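Summary of the model geometry
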Amino acid sequence: IEELKAAKIDRRQALTIGISVDPRRRNKSEESLRANVARLQEYKAKLVLFPKKYNTKKLRAGEASKEERSRVQQVRGDVMP
């Protein structure tokens with residue numbers, strides 16, 4: 001949960017975008033914390049959220065616009081190491 005707070009990702013949002021959350025987990029060093037935060041920020045930057053209702057004109061916060069959705073290609077294989 002410390003990494004999520006540092007990366008500014010809500011715990012509930014993390015669960016919806018595919019990030020598993022373990023509240024028992026603790027960091028043993030600052031280096032691993034920084035590495036995990038950087039990985040989460042990179043993941044969030046690459047993430048494209050499609051709206052729940054496809055033909056809606058109003059987008060929620062974080063959802064991709066029509067132009068962004070048209071540029072997206074499906075990734076096959078490993079997404080993140």
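All right, on to unusual backbone geometry then. Backbone geometry at Lys8 places phi at a positive 60°, although glycine is not the residue there. Following the sequence through the fold, Lys8 ends up in the loop between α1 (2-6) and α2 (11-16). Residue classification places Lys8 among the exposed positions, given a relative accessible area of 70%.

Overall, the prediction assigns the protein a mean pLDDT of 79, with 75% of residues at 70 or greater. At the low end of the mean pLDDT range in the protein sits helix α4 (residues 66-71), at 70; at the high end sits helix α3 (residues 30-46), at 88.

Further remarks concern α3. Given 3.6 residues to a turn, an α-helix orients residues that are three or four positions apart in the same direction. The terminal C-alpha atoms of α3, which comprises 17 residues, lie 24 Å apart, in line with the 24 Å expected from a rise of 1.5 Å per residue. When we look at burial in α3, the residues that qualify are Leu33, Asn36, Val37 and Leu40. One side of α3 holds all its buried residues, which, seen down the axis, span an arc of 100°. Projecting away from the buried face of α3 at angles above 90 degrees are the exposed residues Glu31, Arg34, Ala45 and Lys46. Its buried side turned inward, α3 meets α1.

We now examine the pattern of salt bridges. The full count for this structure, using the stated rule, is three salt bridges. Among the salt bridges present, the one from Arg25 reaches Glu3, with a minimum N-O distance of 2.6 Å. Taken together, the residues Arg25 in the loop between α2 and α3 and Glu3 in helix α1 connect sequence positions 22 residues apart. Take Glu3: its relative accessible area is 9%, and that puts it in the buried class. In this structure, Arg24 and Asp22 form a salt bridge, with 3.1 Å as the shortest nitrogen-oxygen distance. Assessed through its relative accessible area of 70%, Arg24 is described here as exposed. We classify Asp22 as partly exposed; its relative accessible area is 31%.

The rules behind each value
Per chain, the residues get numbers from 1 upward, laid out in the order the sequence is written. Only residues with pLDDT of 70 or above have their local features reported here, since the model is predicted, and side-chain atom pairs are shown and tallied only from 80 upward, although totals for entire chains, interfaces and linings are computed over all residues. Side-chain numbers here rest on the full set of heavy atoms in the structure, without hydrogens or water. Helix and strand assignments follow DSSP, with helices taken as H or I runs no shorter than four residues and strands as E runs no shorter than two, numbered in order from the N terminus. For each residue, the accessible area found with a 1.4 Å probe, counting protein chains only, is set against the maximum for its type, and the residue is called buried under 20%, exposed over 50%, and partly exposed in between. Values of pLDDT, the confidence the predictor places in each residue, fall between 0 and 100. A helix is expected to span 1.5 Å multiplied by its residue count minus one. Taking the helix axis as origin, the arc is that swept by the directions to the C-beta atoms. Contacts are assigned to residue pairs with any non-hydrogen atoms lying within 4.5 Å of each other. Every case where a carboxyl oxygen of Asp or Glu lies within 4 Å of a side-chain nitrogen of Lys or Arg is listed as a salt bridge.

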